[in-house]
Amino acid sequence: MKGIWLENQQLQLRTDLATPTPPEGEALVKVLRAGICNTDLELIRGYYPYTGILGHEFVGVVAEGPENLVNQRVVGEINASCGECSFCRRGEPTHCQNRTVLGIVNRNGAFADYLTLPVKNLHPVPDTVETNAATFTEPLAAALEIQEQVSITPEDKVLVVGDGKLGQLVAQSLALTGCRLLVIGRHRQKLENLEALGIAVGFADEIQEGTFDRTVECTGNPEGFAIALRALRPRGTLILKSTYAGQLTLDASALVVNEITLIGSRCGPFDKALELLANHQIDINRLIQAEYPLSQGLEGFQLAQQKGVLKVLLNMEQ
């Protein structure tokens, strides 16, 4: 089996990997597509000491598993929970104390011919969702988690900081709420993608400080965090959607004096993401920068690491 292997912060394409055997309760999935995410890039930079096959955004076909799922296209939630710890018992499996995470923590990921995941993690893909679009289910679900955590109304003034892969999905999903939305970034072409969808865009120097009810930080860098914090009104809410490879320094006094609510936001609802994709309410085509066969996956990573690049997909059918 082929796969993109990470070890000691170095990537290699391996062709000697064993096809995994699914343990009880899990399914074997033949991967069709997988998307390179900023978290994958942060793992290469040392965000977490991971060794194994990278990748967690995927769509595949069930090769071995329950009869009703075999030969069905599926996407999968990335956290494999134990079902027994205190977090699992209170319905918070994404924070399971014993979890493995696809391509991130103690579980080989999706940049390979095959992967395994618990059957309970799998979601059938509607026929109306194209395979490339289905690859975006996981990051779109993560974008939708914001609305699970915070109420967003048409009266709210919301700022998204970052015009990259996640920022684009966050912006499109928030736009559906009818809120007064502004997205700022550094790349005119990427901002034009959103502008074409009727979303207001701009640059950091246009922001009036202390005027937004909610800000969403999607850059993963300290400058983006600082902009998101400065833009908030007192008692506003800052939602963090990015992982940070390094340490983040913040002005704690500003958080206290202005009574700012700071929320970390991670995995989200797959069912709602698939519904939006099935109804073509999210424009995916604008987000795909390039597509590579798995055999050229290292080249795909080289492109994905360049500034300003949107989603790079690996196609296991090529």
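Preceding this section is the structure that the text describes.
Computed from a predicted structure; not experimentally measured. (Residues numbered from 1 in each chain as written. Predicted model: local features only at pLDDT ≥ 70, side-chain atom pairs only at ≥ 80, totals over all residues. Heavy atoms only, no water.)

A.B. asks: I'd like a description of the overall build of the protein chain, backed by residues and values.
C.D. replies: Within the protein chain one finds ten helices and 18 strands. Rg of the C-alpha trace for the protein chain: 19 Å, near the compact-globule value of 20 Å for 318 residues, within the 12% margin. Seen along its three principal axes, the alpha-carbon backbone of the protein chain occupies a region of about 55 × 45 × 40 Å. Taking all 318 residues of the protein chain together, 54% fall into the buried category. Residue pairs in contact within the protein chain that sit at least 24 positions apart in sequence constitute 66% of those at least 6 positions apart. (Helix = DSSP H or I, 4+ residues; strand = E, 2+ residues; numbered from the N terminus. Rg over C-alpha atoms; globule rule 2.2 N^0.38 Å. Buried < 20%, exposed > 50% of the residue type's maximum accessible area, 1.4 Å probe, protein only. Contact = heavy atoms within 4.5 Å.)

A.B. asks: Run through the state of the cysteines, naming residues and quoting values.
C.D. replies: For the structure shown, the criterion picks out zero disulfides. Cysteine 37 forms no disulfide, and the closest cysteine sulfur to it belongs to cysteine 267, at a distance of 10 Å. As a non-bridged cysteine, cysteine 88 has cysteine 96 as the owner of its nearest cysteine sulfur, 3.7 Å distant. (Disulfide = S-S within 2.5 Å.)

A.B. asks: Describe in detail the sheet that holds strand β11 (residues 157-161), supporting the description with residues and values.
C.D. replies: Overall, parallel pairing links the six strands, which are arranged β13-β12-β11-β14-β15-β16 in an open sheet. The strands lining the two open edges of the sheet, one partner per strand, are β13 (200-202) and β16 (261-264). Sheet twist, expressed as the mean angle between neighbouring strand axes with direction ignored, is 20 degrees. With five bridges connecting them, β11 and strand β12 (residues 180-184) associate as parallel partners. From the neighbouring strand, lysine 157 faces β12, where its bridge partner is arginine 180. Along the sheet face, helix α6 (residues 188-195) touches β12 and β13 and points at about 165 degrees away from the line of β13. (Pairing = 2+ DSSP bridges. Axes fitted to C-alpha atoms, helices over the stretch in contact; angles between N-to-C directions.)

A.B. asks: Mind laying out the pairing of strand β18 (residues 311-315), listing which residues take part and the relevant values?
C.D. replies: Counting buried residues in β18 gives five out of five residues, a clear majority hidden from the surface. Residues Lys311, Leu313 and Asn315 point to one face of β18 and Val312 and Leu314 to the other, with burial holding for every one of them. The pairing of strand β3 (residues 26-36) with β18 spans four bridges and is antiparallel. Each residue of the ladder has a partner; that of glycine 35, found in β18, is leucine 313. When strand β17 (residues 288-293) meets β18, the two strands line up parallel, connected through five bridges. Opposite tyrosine 292, over in β18, you have leucine 314 as the bridge partner. You can see the chain leave β17, run along helix α10 (residues 297-304) and come back into β18, and the turn it takes is right-handed. (Right-handed = clockwise from strand over helix to strand, strands pointing away.)

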